[in-house]
Amino acid sequence: ETETSMTNVERVVEYGMLPDEDEVDVTVRCAGEPGDVVGVAPMSPRREGVSVDVPHRPPGATVEASGLMRPGDSRTAAVVVEARGLNFAYPTSALTPVLRNVSFRLEGGKRVGVVGRSGSGKSSLLGALLRMYPLQPGMLFLDHRDITTIPRDVCRRLVGIIPQTPTIFEGSFAINVDPFQQFSDAEIEAALSKAQFDVPKQLPLGIHRTQAGDGNGAGLSMGEKQLLCAARVLVRRPRLLLVDEST
């Protein structure tokens, strides 16, 4: 048991040695007061001046970066996704590409299923949309913008994913749905209801006092864990939703 627990320590050490993703400081400005710099935020170095929201920002502040959202845009507007000659291979298997010359165009507002055998690159394609991997070669566009020019945090904020293996945090239902504490209780409860949770019945102590588990979701079925992950996505209202074999 001690040896098994040490795996967590090894992972922390390994993750702590990973190189940071490329970042650069960009100015945070108050909407309605052009030129009034109120802080800086880390972003990708390749960018064009476009305003996007950032979490934990001063009231009315936005970030100038190559995001997909301009002032006044709808948060729920669908995203156009396009791939041109997309190629990708994992570093450990550089000679065996999992994505080879993939090209497609998905119009906003559509529901599209990606079908293939195990290991055919379905999850890798979703990872590419989240900028988890470098593309080699090929191009991927979100709303006609090269994804490599979109800061990673901006990209991941606008794209939501329900993973194949649900992740449950230790703590309350509120923390699991809104780990960064950006939304109101009413918004969290609405997201849980949309995910088919009967809040008054299943959470009798409320969203803050009802615990979701010990970090592994003990006490929740696999289906309930995935529904909780769905609520986590629903409360954010992402412009693009990815579902990785969620049942």
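For the structure itself, look to the data block above.
Attention in this report is confined to the structure presented alongside it.

## Quick notes on the overall build of the chain
Counting its regular elements, the chain contains 7 helices and 12 strands. Taken over 247 residues, the chain has a buried fraction of 36%. Only carbon and sulfur atoms are counted for the fraction: they give 53% of the accessible area of the chain, which is about 14800 Å².

## Overview of the packing of aromatic side chains
Across all of its chains, the model carries 2 aromatic pairs by this definition. Here F88 and Y90 contribute two aromatic rings whose centre-to-centre distance is 4.7 Å and whose plane-to-plane angle is 75°, an arrangement assigned as edge-to-face. Given a relative accessible area of 4%, F88 falls into the buried group. Given the relative accessible area of 28%, Y90 is considered partly exposed. With a centroid separation of 5.8 Å and 75° between ring planes, the pair formed by F173 and F197 is classed as edge-to-face.

## Re the pairing of strand β7 (residues 139-142)
Looking at chain direction, strand β5 (residues 81-88) and β7 are connected through 4 bridges and run antiparallel. Counterpart to E82 in the pairing with β7 is F141. Bridging between β7 and strand β8 (residues 145-146) involves 2 bridges; their strand directions are antiparallel. Across the sheet, F141 pairs through a bridge with D146, a residue of β8.

What counts, and where the lines are drawn
- Residues numbered from 1 in each chain as written.
- Predicted model: local features only at pLDDT ≥ 70, side-chain atom pairs only at ≥ 80, totals over all residues.
- Heavy atoms only, no water.
- Helix = DSSP H or I, 4+ residues; strand = E, 2+ residues; numbered from the N terminus.
- Buried < 20%, exposed > 50% of the residue type's maximum accessible area, 1.4 Å probe, protein only.
- Areas by Shrake-Rupley, 256 points an atom, 1.4 Å probe, with all protein chains shown as cover.
- Phe/Tyr/Trp six-rings, centres within 6.5 Å; stacked < 30°, edge-to-face > 60°.
- Pairing = 2+ DSSP bridges.

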